[in-house]
Amino acid sequence: MQEKMALRWKAGVVLCLLVALVAVKAFAQGEGDLTAKSRLFSGVGPGLRAVRRGADGRTYVLASPSPGLLIFDKQGNRLLAVSEAAAGPAEGKSSRSGITFGEDCDVDADGRIYVADRGVNAIQVFSPDGALVRSISVPAPISVAALGEGEVAVATLREPHLVVVFDKNGREVREFGDPEQISDREDLNRFLNTGQLASDPLGHLYYGFSYTPEPTVRQFDRNGYNAGPDVQYLALEAAPAAQAIRREIVKQEKRQKSPSFKRVLTAVGIDPASGEVWMAVGNTLLHFDKDANRRASYQIYTPEGARLEATTLLIEPERMLIGGDPIGVYEFDRPEKKSKP
């Protein structure tokens, strides 16, 4: 009897060890450090705001105040720039002056470029060749996303709703998204609801709350109805940071000064094929599935081993472009695809 019990105990130990090894392997595949393959667009870094891809394969890189909006072809060659300063002869074709201080940009299926220009309180709309087509007056625009059919969604610091949508003629057609009640002080609460926009090919709109204690991305359809559950980073390891932010909110509520906070959610990226959400919290990259379940988290680094504090994410089928200010734009393999057998 004792021998049988000993054999069962040993078998149980072996089984536990096998389960532990499988868990460790799964963790190693899904989480840990993620190192970039290479840096792209040499010279772009300080003031980096956004990296976008057009349907024609062009890449749009916005850095403010300089060099402005740069457009590259599929091979990474610079085609033109939209900026205040004219480019030199060796730097490629440059358009006429058109941007004062760009906060964000996006491009639609027809190649029209939208820039949230906070310097002139407007959305500047450019043709594919960089010519200014239209200027839409918007107070303090901070993020922009193309929705198709000439519509563009805008996030601001001033409007009562989170999102304002304009049609192809620059007319406001709808607004939606109620701010979260985070603070009793009205101006502080609106600031804490500041967000960044992203869209997918189906016209869904994603609003990432930049300053809420718990990093959150809200999903809308193009008409403003909820298109899925909120994506939130609520892991145990995130709780101390969230508690610290809430304490800071209480402190700033008592002051009669303009709100001042460090961004919590620093970048949002959407997988164009699946609609899955990626978010960056500093140099932590988080991957969520369509049901808002966290699939993996990674610490991201440059090839030289420096921490990459992400400010922009571009998720593509086989790779990711992740950029930070002032460190630049880097190319990464898709980790979940690389780990598949």
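Cut-offs and rules
Throughout this description, residue numbers start from 1 for each chain and increase along the sequence as written. The predicted nature of this model means local features are confined to residues of pLDDT at least 70 and side-chain atom pairs, given and counted, to a pLDDT of 80 or more, with totals for whole chains, interfaces and linings taken over all residues. Think of the side-chain values as coming from all heavy atoms in the structure, minus any hydrogens and water. Two strands are said to pair when DSSP picks up at least two bridges between them. Put simply, DSSP H or I for four residues or longer makes a helix, DSSP E for two residues or longer makes a strand, and each gets a number counted from the N terminus. As a rule, the C-alpha atoms of each element are fitted with a line to give its axis, helices using only the stretch in contact, and angles between N-to-C directions run from 0 to 180 degrees. Definitions used for this entry: grid spacing 1 Å over protein atoms alone; cavity, a set of points where a 1.4 Å probe fits but cannot get out; pocket, an open set with protein on both sides within 12 Å along at least 5 of 7 lines; lining residue, one with an atom within 4 Å of a point. Grid points are joined across faces, edges and corners, and a volume is the space filled by probe spheres set on the points. Only Asp, Glu, Lys and Arg are considered charged, only Ala, Val, Leu, Ile, Met, Phe, Trp, Tyr, Cys and Pro nonpolar, and every remaining residue, Gly among them, polar. Multiplying 1.5 Å by the helix residue count minus one yields the expected span of that helix. Partly exposed residues are those whose accessible area sits between 20% and 50% of the maximum for their type, while under 20% is buried and over 50% is exposed, using a 1.4 Å probe and protein chains only. Working definition: the arc comes from the directions between the helix axis and the C-beta atoms, pointing outward to the latter. Two residues qualify as a contact provided that any one of their heavy atoms is within 4.5 Å of a heavy atom in the partner residue.

**Things to note about the sheet that holds strand E24 (residues 312–315)**
In step 1: The strand order across the open sheet formed by four strands is E2-E26-E25-E24, and the pairing between neighbours is antiparallel. Each of the sheet's edge strands pairs with one partner strand only, and the pair in question is strand E2 (38–40) and E24. Between one strand axis and the next, the sheet turns by 25° as a mean value, whatever way the strands run.
In step 2: Here three bridges tie E2 to strand E26 (residues 328–333), and the two strands are oriented antiparallel to one another. Across the sheet, the residue bridging to Arg 39 is Tyr 330, located in E26.

**Topic: empty space enclosed by the protein**
Take a probe with the size of a water molecule and roll it over the atoms, and the empty space left behind shows itself.
In step 1: The final tally for this structure, using the stated rule, is one cavity of 30 Å³ or more.
In step 2: For the largest cavity, the calculated volume is near 40 Å³.
In step 3: For the lining of the largest cavity, a count of residues per class yields four nonpolar, five polar and one charged.

**What about the layout of surface pockets?**
In step 1: If you add up the space inside the second largest pocket, you get close to 510 Å³.
In step 2: What lines the second largest pocket is a set of 26 residues, among which Ala 241, Arg 263, Val 264, Val 281 and Gly 282 lie closest to the centre.
In step 3: Breaking the lining of the second largest pocket down by element, the ones donating at least two residues are helix H3 (239–253) and strand E23 (294–301).
In step 4: Grouping the amino acids of the lining of the second largest pocket by side-chain chemistry returns 13 nonpolar, seven polar and six charged.

**Quick notes on H3**
In step 1: Over its 15 residues, H3 extends 21 Å from the first C-alpha to the last, a length consistent with the 21 Å expected when each residue adds 1.5 Å.
In step 2: For H3, the set of buried residues is Ala 242, Ile 245, Ile 249 and Gln 252. Seen end-on, H3 carries its buried residues on one side only, within an arc spanning 85°. Those residues of H3 that are exposed and aimed more than 90 degrees away from the buried face are Pro 240 and Arg 247.
In step 3: Structurally, H3 contributes buried residues whose contacts are with helix H2 (186–192).

**Here's the deal with the pairing of strand E4 (residues 59–63)**
In step 1: Most of E4 sits inside the fold, with five of its five residues counted as buried.
In step 2: Of the two faces of E4, the one lined by Thr 59, Val 61 and Ala 63 and the one lined by Tyr 60 and Leu 62 are each fully buried.
In step 3: Connecting strand E3 (residues 48–53) to the next strand, E4, in antiparallel fashion are five residues, including Gly 57 with a positive phi near 90°.
In step 4: Where E4 folds back onto strand E5 (residues 68–72) in an antiparallel hairpin, the turn is made up of four residues.

**Brief notes about the sheet that holds strand E18 (residues 216–220)**
In step 1: Taken together, the four strands give an open sheet; going across it, the order is E16-E17-E18-E19, and neighbouring strands pair in antiparallel fashion. Whereas interior strands pair on both sides, the edge strands pair on one side only; in this sheet they are strand E16 (195–199) and strand E19 (231–232).
In step 2: One ladder, built from five bridges, connects E16 with strand E17 (residues 205–209); its direction is antiparallel. Bridging from a neighbouring strand, Leu 197 pairs with Tyr 207 of E17.

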